[in-house]
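Working through the structure, step by step
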Amino acid sequence: MSVCRACQAPLETPLGCSKCGALFTPPPGLSPFEIMGLERQAHVDSGALQKRLTRLARIVHPDFFSDSDQPTRQLAERHSAELNRAFEILSDPVQRAEWIVHDLGAPSERDSTPVPRAFLMQVLEWNELLDAAQAPSASAADMEAVRGLSTQLDRDHSVVLQQLLASLDPVPARAAPALRGARELLNQLRYLDRARERAAQCFAARGLETRGAARHID
Amino acid sequence: MAYSEKVLDHYNSPRNVGALDKNSANVGTGVVGAPECGDVMKLQIQVEGDRIVDAKFKTFGCGSAIASSSLATEWIKGKTLDEAMTIRNTQIVEELSLPPVKIHCSVLAEDAIKSAVADFKAKRESLKEGK
């Protein structure tokens, strides 16, 4: 852990010092883990994360700098925004995993990381079912099928997410082969989310509630 | 973003949409996807001897992905397997005037052809071994 340049106290975040209140201008491109002063980790305790945010937010809160010069006030505002953004990312398990994978130099989503053929076949089936439900000729049976699909997608999403987080715990070494597998699972989550969105659209079009579809379950 | 006339033509009246019996010994099925945009493409070929006599596709994705796979099925019909394997995504880009952001759609179509041919060949090999 680094220490404060001004008072030598250990730093909890590179944005500022909790002891003497100094604000710093860290290098750009810090990861959300770095901003929150945490090790890269797949599983995050949401209560502890919330507490940490509250504590760190106090260091950079613009209200404490209302008497400071304008550049300092602006820095405090920027840091507060950055801190909140980092918190949002780390609170969302999928975005958190995406950051770990990205940080460790895994193939990007644009590289042709294979998604298993059997999985793509499933994606085709979901879409055919969703097409039928969105067609003007859609029947009550089609909507019932989408309901069943929606339940299955939610379940699959949570299973794949657990697999993903398990594959990143402990965090693999930089460029480890395991990261490729993690990318593949992230790709599957993309397809699952997309299908859940379409299912939600089907319900919305018929004035049905979506039962919290397309929300992440940690 | 404006689509080219050829893309719109394929999008509005796609050729060879549908499915072939994936369990048939003469049918190869290719399935490929582009996770970043959620596109998924299925391309099937029916083969007699070494020649593709029929091709069908089903694509869930943007207009360019649909047009690329529609064009791909048109091009591979009547070709031998080896000839079909020589089709490059750049030819699809040129024919459909795809903009740079849509090049991945043509890559997907090229991959779908290769995937279908590979599936057919694997099937043929396993049938030979089975005999």
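Residues numbered from 1 in each chain as written. Chains lettered and ligands numbered in written order. Predicted model: local features only at pLDDT ≥ 70, side-chain atom pairs only at ≥ 80, totals over all residues. Heavy atoms only, no water.

Here's the deal with the overall build of chain B
- Of the regular secondary structure elements, chain B holds 5 helices and 3 strands.
- In terms of overall size, chain B behaves like a compact globule, its C-alpha atoms giving a radius of gyration of 14 Å where 131 residues would be expected to give roughly 14 Å.
- If one aligns the C-alpha atoms of chain B with their principal axes, the spans along those axes are about 55 × 30 × 25 Å.
- Sorting the 131 residues of chain B into buried and exposed places 50% on the buried side.
- Contacts in chain B between residues at least 24 apart in sequence constitute 64% of all its contacts with a sequence separation of at least 6.
- Carbon and sulfur atoms make up 50% of the accessible area of chain B, which totals about 6,000 Å². (Helix = DSSP H or I, 4+ residues; strand = E, 2+ residues; numbered from the N terminus. Rg over C-alpha atoms; globule rule 2.2 N^0.38 Å. Buried < 20%, exposed > 50% of the residue type's maximum accessible area, 1.4 Å probe, protein only. Contact = heavy atoms within 4.5 Å. Areas by Shrake-Rupley, 256 points an atom, 1.4 Å probe, with all protein chains shown as cover.)

What about the pattern of salt bridges?
- Counted by the stated rule, this structure contains 17 salt bridges over all chains.
- Two residues, A:Asp131 and A:Arg198, come together in a salt bridge whose shortest N-O distance is 2.8 Å. One end of the pair, A:Asp131, is in helix H5 (residues 117-134); the other, A:Arg198, is in helix H7 (residues 178-205), with 67 residues separating them in the sequence.
- Residue B:Glu74 pairs with B:Arg15 through a salt bridge whose shortest N-O separation is 3.2 Å. Taken together, the positions of B:Glu74 in helix H2 (residues 63-76) and B:Arg15 in the loop between helix H1 (5-12) and strand S1 (27-34) put the pair 59 residues apart, joining distant regions of the chain.
- The exposure class assigned to B:Arg15 is partly exposed, which follows from its relative accessible area of 22%.
- Salt bridges linked by common partners bring A:Glu12, A:Arg52 and A:Arg55 together as one network. (Salt bridge = Lys/Arg side-chain N within 4 Å of Asp/Glu carboxyl O.)

Side note on the nonpolar core
- Formed by 59 residues in total, the largest nonpolar core has its most connected members in A:Met36, A:Leu83, A:Trp126, A:Leu164, A:Leu168, A:Tyr191 and B:Val40.
- Contributions of two or more residues to this core are made by helix H1 (32-35), helix H2 (46-60), helix H3 (70-91), helix H4 (93-103), H5, helix H6 (140-167) and H7 of chain A.
- In this structure, B:Val40 is in contact with A:Leu120, A:Val123, A:Leu124, A:Asn127, A:Tyr191, B:Val31, B:Val32, B:Gly33, B:Lys58, B:Thr59 and B:Phe60, ignoring residues within four places of it in sequence.
- Listed in part, the 30 residues of the second largest apolar core include B:Leu43, B:Ile76, B:Cys105 and B:Ile113. (Core = buried A, V, L, I, M, F, W, Y, C linked by side-chain atoms within 4.5 Å.)

Looking at the confidence of the model for chain B
- Looking at chain B as a whole, its pLDDT mean stands at 94, while 98% of the residues score no less than 70.
- Here the predicted complex carries an ipTM of 0.86, next to a pTM of 0.85. (pLDDT = per-residue confidence, 0-100.)

Some details on the packing of H3(A) against H4(A)
Residue and element names in this part refer to chain A.
- In the contact formed by H3 and H4, the axes pass within 5 Å of each other and the chain directions differ by 100 degrees. When the interaxial angle is binned, H3 and H4 end up roughly perpendicular. In contact with Arg85, Ile89, Leu90 and Ser91 of H3, H4 contributes Pro93, Gln95, Arg96 and Trp99.
- Looking at the contact of H3 with H4 residue by residue, the classes come out as 4 nonpolar, 2 polar and 2 charged. (Axes fitted to C-alpha atoms, helices over the stretch in contact; angles between N-to-C directions. Parallel < 35°, antiparallel > 145°, perpendicular 65-115°, else oblique. Nonpolar A, V, L, I, M, F, W, Y, C, P; charged D, E, K, R; others polar.)

Notes on the pairing of S1(B)
All names here are of chain B.
- Extensive coverage of S1 is indicated by the burial of 7 of its 8 residues.
- Across 8 bridges, S1 lies against strand S2 (residues 39-48) in antiparallel orientation. Looking at the pairing, Val31 lines up with Lys42 of S2. (Pairing = 2+ DSSP bridges.)

Brief notes about the packing of aromatic side chains
All names here are of chain A.
- Enumeration according to the criterion identifies 2 aromatic pairs over all chains in this entry.
- On the basis of an interplanar angle of 90 degrees and a centroid distance of 5.7 Å, the ring pair of Phe119 and Trp126 is categorised as edge-to-face. The burial state of Phe119 is the same as that of Trp126; both residues are buried.
- Pairwise contacts between aromatic rings join Phe119, Trp126 and Tyr191 into one cluster. (Phe/Tyr/Trp six-rings, centres within 6.5 Å; stacked < 30°, edge-to-face > 60°.)

Details of the layout of surface pockets
- Considered as a void within the structure, the largest pocket measures approximately 370 Å³ in volume.
- Looking at the largest pocket, it is lined by 18 residues, and the ones nearest its centre are A:Asn127, A:Arg194, A:Arg198, B:Phe60 and B:Gly61.
- For the lining of the largest pocket, the elements supplying multiple residues, two or more each, are H5 and H7 of chain A together with strand S3 (51-60) of chain B.
- Counting residues per element, the lining of the largest pocket draws most heavily on H7(A), which supplies 6 residues. (1 Å grid on protein atoms, 1.4 Å probe; cavity = no way out; pocket = protein on both sides within 12 Å on 5 of 7 lines; lining within 4 Å. Points joined across faces, edges and corners; volume = space filled by probe spheres on them.)

A short note on the interface of chain B and chain A
- Tallying the contact residues gives 18 residues for chain B and 16 residues for chain A.
- Note on chain B versus chain A: buried area summed over both sides is about 1,400 Å², and carbon and sulfur give 62% of it.
- It is B:Pro35, B:Glu36 and B:Phe60 that lose the most area in chain B upon contact with chain A, and together they represent 43% of the buried surface on that side.
- Counting every contact that joins chain B to chain A gives 1 salt bridge.
- When the shortest N-O distance is used, the salt bridge between B:Asp119 and A:Arg117 registers 3.6 Å.
- Summed over the shared surface of chain B and chain A, the result is 4 residue pairs in polar contact (both at pLDDT 80 or more).
- Mapped onto the side of chain B that touches chain A, the elements with two or more residues apiece are S1, S2, S3 and helix H5 (103-130) of chain B. (Buried area = accessible area lost by both parts, 1.4 Å probe. Polar contact = N/O pair within 3.5 Å; in protein donor to acceptor, adjacent residues only side chain to side chain.)

So, the confidence of the model for chain A
- The predicted model of chain A averages 90 in pLDDT, with 92% of residues at 70 or higher.
- Every residue in residues 212-218 of chain A scores below 50 in pLDDT, and together they form 12 contacts with partners more than four places removed in sequence or on other chains.

Observations concerning H2(A)
All names here are of chain A.
- The end-to-end C-alpha distance of H2, which contains 15 residues, comes to 21 Å, matching closely the 21 Å that a straight helix rising 1.5 Å per residue would cover.
- Those residues of H2 lying buried are Leu49, Arg52, Leu53, Leu56, Ile59 and Val60. Considered in projection along H2, the buried side chains sweep an arc of 115 degrees and stay on one side of the axis. Of the exposed residues in H2, those oriented more than 90 degrees away from the buried face are Lys51 and Arg58.
- Check the buried side of H2 and you find it contacts H1 and H3.
- At the N-terminal boundary of H2, the capping side chain belongs to Asp45, with an oxygen 2.9 Å from the backbone nitrogen of Gly47. (Expected span 1.5 Å × (residues − 1). Arc of directions from axis to C-beta.)

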